[in-house]
Amino acid sequence: MTDTTAHTDQPDLRKRQWGAEKRSEPLSIVHPIPSRVKLAWGRIAIVTTILAWIGYVISTIMRQLVDNPDAGFRFRFEAAMYLAVVTFLTFSALMYLVARQGALLRFSRHRRVPRGELDRHFRSYDKSITTLVPSYAEEPTVVRKTLWSVALQEFTNLQVVLLVDDNPYPMNPEVLAKLQETRSLASDIQASLKKPLDAAQEFRTLFDRQREAGAAEAQMLATTASAYEAAAAWLEDMAAAEKVEDHVDEFFVDSVIMGLARELRLTLLALNAAAAQHTSPSSDRLEEFHLRLERIFSVQMHSFERKKYANLSQAVNKAMNLNAYISLMGQKWLVDNRGDVQVLRALDPGQDLSDTDEVLDIPDSGYLLTLDADSLLLRDYCLRLVYFLESEENSRVAVTQTPYSSFRGAPTRIERLAGATTDVQHILHQGKTHYNATFWVGANAVIRKQALLDICQKATVGGYEIHTYIQDRTVIEDTESSIDLGTQGWTLSNYPERLSYSATPPDFGSLVVQRRRWANGGLLILSKFVRQISERKRRNERVGLREVLLRVNYMASIAWASIGLIFLLAYPYDGRLLSPLIFAAALPYFIAMGSDLRDCGHRFSDIFRIYGFNLILLPVNMAGVLKSTEQAFTGEKIPFVRTPKVRNRTASPGLYVAIPYLIVVFSIFTMWRDFQNSNWGNVAFAALNTVLALYAIRAYIGFKNSIVDMTLGLVNWLFVPPRKAKAAAVAYPVATPENTDWSTLLYQGDRRLDRDLRGGGDRRKRIGVK
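The rules behind each value
Residues numbered from 1 in each chain as written. Predicted model: local features only at pLDDT ≥ 70, side-chain atom pairs only at ≥ 80, totals over all residues. Heavy atoms only, no water. Helix = DSSP H or I, 4+ residues; strand = E, 2+ residues; numbered from the N terminus. Contact = heavy atoms within 4.5 Å. Buried < 20%, exposed > 50% of the residue type's maximum accessible area, 1.4 Å probe, protein only. Arc of directions from axis to C-beta. Phe/Tyr/Trp six-rings, centres within 6.5 Å; stacked < 30°, edge-to-face > 60°. Lys NZ or Arg CZ within 6 Å of the ring centre and 35° of its normal. 1 Å grid on protein atoms, 1.4 Å probe; cavity = no way out; pocket = protein on both sides within 12 Å on 5 of 7 lines; lining within 4 Å. Points joined across faces, edges and corners; volume = space filled by probe spheres on them. Nonpolar A, V, L, I, M, F, W, Y, C, P; charged D, E, K, R; others polar. Polar contact = N/O pair within 3.5 Å; in protein donor to acceptor, adjacent residues only side chain to side chain. Pairing = 2+ DSSP bridges. Axes fitted to C-alpha atoms, helices over the stretch in contact; angles between N-to-C directions. Parallel < 35°, antiparallel > 145°, perpendicular 65-115°, else oblique. Left-handed = near helix turned anticlockwise from the far one by under 90°. Patch = residues over 30% accessible without salt bridge, like charges linked within 9 Å, V, L, I, M, F, W, Y side chains within 5 Å. Areas by Shrake-Rupley, 256 points an atom, 1.4 Å probe, with all protein chains shown as cover. Salt bridge = Lys/Arg side-chain N within 4 Å of Asp/Glu carboxyl O. Core = buried A, V, L, I, M, F, W, Y, C linked by side-chain atoms within 4.5 Å. Expected span 1.5 Å × (residues − 1).

## Digging into the overall build of the protein chain
In step 1: A tally of helices and strands in the protein chain yields 27 helices and 17 strands.
In step 2: Across the protein chain, the fraction of contacts at a sequence separation of at least 24, relative to all contacts at a separation of at least 6, is 83%.

What follows is the structure in structure tokens.
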């Protein structure tokens, strides 16, 4: 699948639209504890859904078949198909309720680890964590915020590596300037942190001298308070200097920078209160406060570009970008110039080096933090998640994460609604952990490196050994890696707090790219899950029924929900198959979703907007399902297409815009046809689809924009680029000892192709002539 999106010259649609989000403050980090009444209603919803489905099967399907023994093949076929569609859709609704109930139970039991316990645990901590931020063609301003949110993490021995995956040698001056700006981000942040780090270390040195000299507690307390005053003031000055142009900038300033400043101010308040009361924490506790400041401002920032080196994977996807760097960790590498390419060679101990040799020293880490370049972390993400992994009962947890939430204050309707679905998914992912059905969702995660070593696969490509830790067979590499880890006896867990945020698509075009990718690959991974179950049973591990059902629903529900919805929209089912019990089975799901949306700061009525939203995404989801089917037969990998992050609108493929209109037209036809036949249930369903699909087109695509996109799609389909004239034979310079690139020729060998010998192609490049 290639990226066929185009960026139009429409005005900036990120200007606030009617119906956009007014709220800009994020939700609480810790989820509110649900009441016993809410937990009870959750159980009632699950039981109601199951009983309504059973009642429908008995009172409608079975009764109709019994009462009509002479019914023809068509009616029996319709009954079977309709039952299958209703069953699959009811099953997905039931899995929503089950996951939601698991989340509520987790929220009711979660207690936040006290700040003092974290300080005690990390007081003499010497392990390291490496943060990997894969970036491809990202806006430098977006990447900068992400890097800052990681750089301010409170952790000892924090390494941050920006994995730049752009072409390292672009010819376009504008692209090169943007790349240079991205490359300089790591060093710029490192330089900016030097001032607060030096100040924190100076205060720490002064404190140590005071303690060695036996100074009074009040004096040491004053030194600690001054250190916190200086650190908070530096963060506040940084926040004041930041430009705030949109809701993401507002979140970055208020929640990332000022959030940390407010937490330091809170500690400062406690220290000043102790001084006012003529008392003080112990000297060891004061030392922990100084160590905390050093951890906050101490970080090693780097950037790395795998495409500079021929022996690293050049596959165009995020997974192989991560894999390339992970495979280098824990060793020193010599940059070896081999003709017109560079390769990395493992540096042997004691190997003699010249002054011109370039050596890359890639430190190892016990933990990896992977973070998308458009995500932000809150201040103690690393601290709390690593503490969680180091608890004895979590020794077999390979990956822990906080499923990302949306940035509030979205200026467009579609971004607000996409954010609403993201916030609901956060709850469902938390619930999956309750049943040991966690999936790695990719945007952020702390990973135990040993677990990745256990699932590593090696292959030889072009004479180079390539290590693959995170599989890139599908474009949802995190989902497949979750299954691989489970097969090796590892588990995954979602940390029950909101500590990460990520951008949601601001327009329909970018949403198409994202959701088409999400819909692709789940069916292919199901076979791996079946093998995982067999392997776990062989090890006598317990495999819960709810875990299996939740995982299967997660990987395959897009396929059956899309197909089922098409059947309901298109096929004129017999009215005798309808029953109020179908509505009764679906009602708990919609009520529960509305309640979750309201708890996340959205609107209960968004359940209808989400239904219309899913209607216009139907062709997108089906495209992903069909692409998975194609891949199953061909075995070819599907190219990873990044979600565009631009301020101007991303044009949608014309077909994805035209089909929602066809849904509206067909729903109107269905409504008219069933009205003639007095099939009132189908009339109501068709009317609902018509109204909500029209609303979704108007609100999330726009009538004007849809015309533009369909016109562009038609023009691109009809347009045939002119055939290039065959180049005339050119007399190239003959290769001579003076003009031949001998080093390339010796390393690469003969790179000529048969077509070059017939006169086509750049023969000068093939034989190494400059």
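## Points about helix 6 (residues 185–192)
One full turn of an α-helix is made of 3.6 residues, so residues set three or four places apart face in the same direction.
In step 1: The set of residues buried in helix 6 consists of Leu185, Ala186 and Ile189. Projected onto a plane normal to the axis of helix 6, the buried residues spread over an arc of 100° and lie on a single side.
In step 2: Elements that come into contact with the buried residues of helix 6 comprise helix 4 (140–151), helix 5 (173–183) and strand 4 (300–304).

## A short note on the packing of aromatic side chains
In step 1: The tally for this structure, following the rule as stated, stands at 23 aromatic pairs.
In step 2: For the ring pair Phe304 and Tyr325, a centre distance of 5.4 Å and an interplane angle of 70° mean the geometry is edge-to-face. Of this pair, Phe304 sits in strand 4 while Tyr325 sits in helix 11 (residues 318–326), placing them 21 residues apart in sequence.
In step 3: Taking relative accessible area as the criterion, Tyr325 reaches 5% and is therefore assigned buried.
In step 4: Clustering of aromatic rings is evident, with ring pairs tying together Phe88, Phe91 and Trp560.
In step 5: Above the face of the Trp490 ring, Arg396 is positioned so that its terminal group lies 3.7 Å from the ring centre.
In step 6: Its end group placed over the ring of Phe75, Arg576 keeps NZ or CZ at 4.3 Å from the ring centre.

## Describing the layout of surface pockets
In step 1: Estimates place the volume of the second largest pocket at around 510 Å³.
In step 2: Lining the second largest pocket are 26 residues, and of these Ala310, Leu312, Ser313, Gln314 and Ala315 sit closest to its centre.
In step 3: Among the elements of the structure, strand 6 (341–346), strand 13 (457–461) and strand 14 (464–468) are those that each provide at least two residues to the lining of the second largest pocket.
In step 4: Residue contributions to the lining of the second largest pocket peak at four residues, all from strand 13.
In step 5: Broken down by class, the residue content of the lining of the second largest pocket amounts to 12 nonpolar, eight polar and six charged.

## Focus on the side chain of His467
In step 1: By the element assignment, His467 lies in strand 14.
In step 2: Of the polar contacts made by the side chain of His467, one reaches the side chain of Glu465; its length is 3.1 Å.
In step 3: Dropping the residues within four chain positions of it, His467 is found in contact with Met320, Asn323, Ser327, Cys456, Gln457 and Lys458.

## A word on the pairing of strand 10 (residues 397–401)
In step 1: Most of strand 10 sits inside the fold, with five of its five residues counted as buried.
In step 2: Pairing analysis gives four bridges linking strand 10 to strand 15 (residues 491–494), with the strands arranged parallel. The residue bridging Val399 from the neighbouring strand is Leu492, located in strand 15.

## Some points on the packing of helix 8 (residues 217–241) against helix 10 (residues 283–297)
In step 1: Running from amino to carboxyl end, helix 8 crosses helix 10 at an angle of 20°, the nearest separation of the two axes being 10 Å. When the axes of helix 8 and helix 10 are compared, the pair comes out roughly parallel. Between helix 8 and helix 10 lies a crossing of left-handed hand. Packed against helix 8, whose contacting residues are Met220, Leu221, Thr223, Thr224, Ala227, Tyr228, Ala231, Trp234 and Leu235, the element helix 10 presents Ser283, Leu286, Phe289, His290, Arg292, Leu293 and Phe297 at the interface.

## Here's the deal with the packing of helix 13 (residues 413–434) against helix 16 (residues 508–518)
In step 1: With their axes 10 Å apart at the nearest point, helix 13 and helix 16 run at an angle of 25° to one another. On the basis of their axis angle, the class for helix 13 and helix 16 is roughly parallel. Crossing of helix 13 over helix 16 shows left-handed handedness. Within the contact between the two elements, helix 13 uses Ile414, Ala418 and Thr421 and helix 16 uses Phe508, Leu511 and Arg515.

## With respect to the sheet that holds strand 12 (residues 444–448)
What holds strands together in a sheet is hydrogen bonding between their backbones, with the strands either parallel or antiparallel.
In step 1: Within the open sheet, the seven strands sit side by side as 4-3-2-8-12-10-15. Their pairing is mixed. Every interior strand has two partners, whereas the edge strands, strand 4 and strand 15, have only one. The mean angle between the axes of side-by-side strands here comes to 20°, regardless of whether they run parallel or antiparallel.
In step 2: Direction of pairing for strand 10 relative to strand 12: antiparallel, over a ladder of two bridges. Paired with Thr400 across the strands is Val446, a residue of strand 12.

## Things to note about a nonpolar patch on the surface
In step 1: Residues Val47, Ile50, Leu51, Ile54, Ile58 and Met62 make up a contiguous nonpolar surface patch of roughly 530 Å² in combined accessible area.
In step 2: Within the secondary structure, Val47 sits in helix 1 (residues 36–67).

## Quick notes on unusual backbone geometry
In step 1: A positive phi angle, near 55°, is found at Ala137, a position not held by glycine.
In step 2: On the basis of relative accessible area, Ala137 is assigned to the partly exposed category, the value being 27%.

## Regarding the pattern of salt bridges
In step 1: Enumeration according to the criterion identifies 52 salt bridges in this entry.
In step 2: With a shortest N-O distance of 3.5 Å, Arg112 and Asp380 are connected by a salt bridge. Of the two residues, Arg112 sits in the loop between helix 2 (73–109) and helix 3 (115–121) while Asp380 sits in the loop between strand 9 (375–377) and helix 12 (381–389), which places them 268 residues apart along the sequence.
In step 3: The residue Arg211 makes a salt bridge to Asp284 at a minimum N-O spacing of 3.3 Å. With Arg211 in helix 7 (residues 194–212) and Asp284 in helix 10, the pair connects residues that are 73 residues apart, well separated along the chain.

## As for the nonpolar core
In step 1: Ile129, Leu147, Leu193, Leu235, Leu264, Phe297 and Val446 are the most contacted members of the largest nonpolar core, which has 78 residues in total.
In step 2: Here this core takes 13 residues from helix 9 (residues 247–276), the largest share from any one element.
In step 3: Apart from the residues lying within four places of it in its own chain, the contact partners of Ile129 are Phe155, Asn157, Leu158, Gln159, Ser365, Tyr367, Leu368, Leu369, Cys382, Val386 and Val446.
In step 4: Formed by 52 residues, the second largest nonpolar core is a distinct cluster that contains Phe508, Leu617, Leu692 and Ala696.

## Some remarks on the sheet that holds strand 5 (residues 331–338)
In step 1: Strand order across the open sheet formed by three strands is 6-5-7, with antiparallel pairing between neighbours. Edge positions in the sheet fall to strand 6 and strand 7 (358–362), since each has one partner strand and no second. With direction set aside, neighbouring strand axes in the sheet form an average angle of 30°.

## A short note on helix 10
In step 1: The end-to-end C-alpha distance of helix 10, which contains 15 residues, comes to 22 Å, matching closely the 21 Å that a straight helix rising 1.5 Å per residue would cover.
In step 2: The element helix 10 is largely enclosed, with a buried count of 12 among its 15 residues.
In step 3: Within the span of helix 10, buried status applies to Leu286, Glu287, Glu288, Phe289, His290, Leu291, Arg292, Leu293, Glu294, Arg295, Ile296 and Phe297.
In step 4: Looking at the buried positions of helix 10, the neighbouring elements they touch are helix 3, helix 4, helix 7, helix 8 and helix 9.

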